[in-house]
Amino acid sequence: MTPVDTPRSGPRSPEQRKREALERLVRDNDVWVATADATGEPCLVPLAFWWDGEAVWLATRDTNPTGRNLCSSGRARLSFGHTRDVVLVHGTARMLTREELPAEVGDAFAAKDGWDPRKDHPSYVFFRVTPQVLQAWGTVPEMTGRTLMRDGKWLV
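What you see as residue numbers is a count from 1 along each chain, following the sequence as written. Whole-chain, interface and lining totals are the exception, using all residues; otherwise, since this is a predicted model, local features are given only for residues with pLDDT of at least 70 and side-chain atom pairs are given and counted only at 80 or more. Computation of side-chain values: all heavy atoms of the structure, hydrogens and water removed.

Some words on the layout of surface pockets
Rules: Grid points spaced at 1 Å and placed over the protein atoms alone form the basis of the search, with a cavity being a set where a 1.4 Å probe fits but cannot get out and a pocket an open set showing protein on both sides within 12 Å along at least five of seven lines. Lining residues have an atom within 4 Å of a point. Grid points are joined across faces, edges and corners, and a volume is the space filled by probe spheres set on the points. Residues are grouped as follows: Ala, Val, Leu, Ile, Met, Phe, Trp, Tyr, Cys and Pro are nonpolar; Asp, Glu, Lys and Arg are charged; every other residue, Gly included, is polar.
Volume-wise, the largest pocket comes out at about 260 Å³. As for the largest pocket, its lining consists of Ala34, Thr35, Ala36, Ser73, Arg75, Ala76, Arg77, His90, Gly91, Thr92 and Gln132. Taken together, the residues of the lining of the largest pocket break down into three nonpolar, six polar and two charged.

Printed below as a string of structure tokens:
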């Protein structure tokens with residue numbers, strides 16, 4: 001990826017943005033997770049995640065605002081990166097208990113971050129967030145064409 005302080009010669013192609021977005025999903029350790037409750041009260045928290053090539057896996061307590069919001073609405077917005085090189089995912093979330101979670105998912109999640117929620121407090125659950133829309137852009141010149149996925153299908 002191009003460091004934020006390195007000037008670009010122009011906007012990246014959609015193909016380059018897709019490649020770099022996928023690299024970020026594999027490489028990054030944390031993601032900003034935005035949810036809202038039934039009244040529209042927003043909640044924004046950083047969480048560890050694991051990308052399996054199709055979905056983003058999160059772990060949080062089902063008793064905290066993020067867990068409750070994901071359970072009730074099944075919707076999340078995820079923001080990876082920083083403001084000058086962002087990957088924004090709008091996704092649908094499905095909760096899985098520890099017992100429902102495939103062992104290979106839990107193992108991969110734990111290996112990536114060094115923390116295993118399955119061995120933490122019993123209120124921890126997992127969420128599989130399936131991207132419906134994925135956008136990637138750096139600065140204003142990349143605003144056009146920033147949507148790389150729509151309705152769960154890649155456009156590039």
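Comments concerning the UniProt feature "domain: Pyridoxamine 5'-phosphate oxidase N-terminal" (unreviewed entry) in the chain
This is how it is decided: UniProt positions are given in the numbering used here, feature names are shortened, and annotations may be inferred rather than shown by experiment. For the purposes of this entry, the term helix denotes a DSSP run of H or I that reaches at least four residues, the term strand denotes a run of E that reaches at least two, and both are numbered from the N terminus.
In the numbering used here, UniProt assigns the "domain: Pyridoxamine 5'-phosphate oxidase N-terminal" (unreviewed entry) feature to residues 22–137. Across residues 22–137, helical content stands at 22% and strand content at 49%; the span's end C-alpha atoms are separated by 13 Å.

Observations concerning the pairing of strand 3 (residues 56–61)
Formally: Only protein chains enter the accessibility calculation, which uses a 1.4 Å probe; a residue whose area is less than 20% of its type maximum is buried, one above 50% is exposed, and one in between is partly exposed. By this definition, two strands are paired if DSSP reports at least two bridges between them.
Burial analysis of strand 3 places five of its six residues in the buried class, which makes it a mostly covered element. The pairing of strand 2 (residues 42–51) with strand 3 spans three bridges and is antiparallel. The residue bridging Trp50 from the neighbouring strand is Trp57, located in strand 3. Adjacent in sequence and paired antiparallel, strand 2 and strand 3 are bridged by four residues, among which Gly53 carries a positive phi angle near 100°. Summarising the sheet, strand 3 and strand 6 (residues 124–137) pair through six bridges and their orientation is antiparallel. Counterpart to Trp57 in the pairing with strand 6 is Arg128.

Some remarks on the environment of Gly81
This is how the line gets drawn: Contact criterion: two residues are considered in contact whenever any of their non-hydrogen atoms come within 4.5 Å of each other.
In this fold, Gly81 is placed in strand 4 (residues 75–82). When the C-alpha atoms of Gly81 and Pro131 are compared, they prove to be 16 Å apart, with 50 residues separating the residues in sequence. With sequence-adjacent residues up to four places away left out, Gly81 is seen in contact with Arg24 and Asp28.

So, the pattern of salt bridges
Oppositely charged side chains are able to pair whenever their charged atoms sit close together. Short version of the rule: Note on definitions: salt bridges are taken to be side-chain nitrogens of Lys or Arg within 4 Å of carboxyl oxygens of Asp or Glu.
Counted under the stated rule, the structure contains nine salt bridges. Salt-bridge contacts for Asp85 lead to Arg24; the nearest nitrogen and oxygen are separated by 3.6 Å. Pair noted here: Asp85 is in strand 5 (residues 85–96) and Arg24 is in helix 1 (residues 14–27), with a separation of 61 residues, a long-range link. Overall, the relative accessible area of 4% leaves Asp85 in the buried class. A relative accessible area of 7% means that Arg24 is categorised as buried. When the shortest N-O distance is used, the salt bridge between Arg118 and Asp116 registers 2.8 Å. The exposure class of Arg118 is partly exposed, given its relative accessible area of 24%. Classification of Asp116 by relative accessible area gives buried; the value is 14%.

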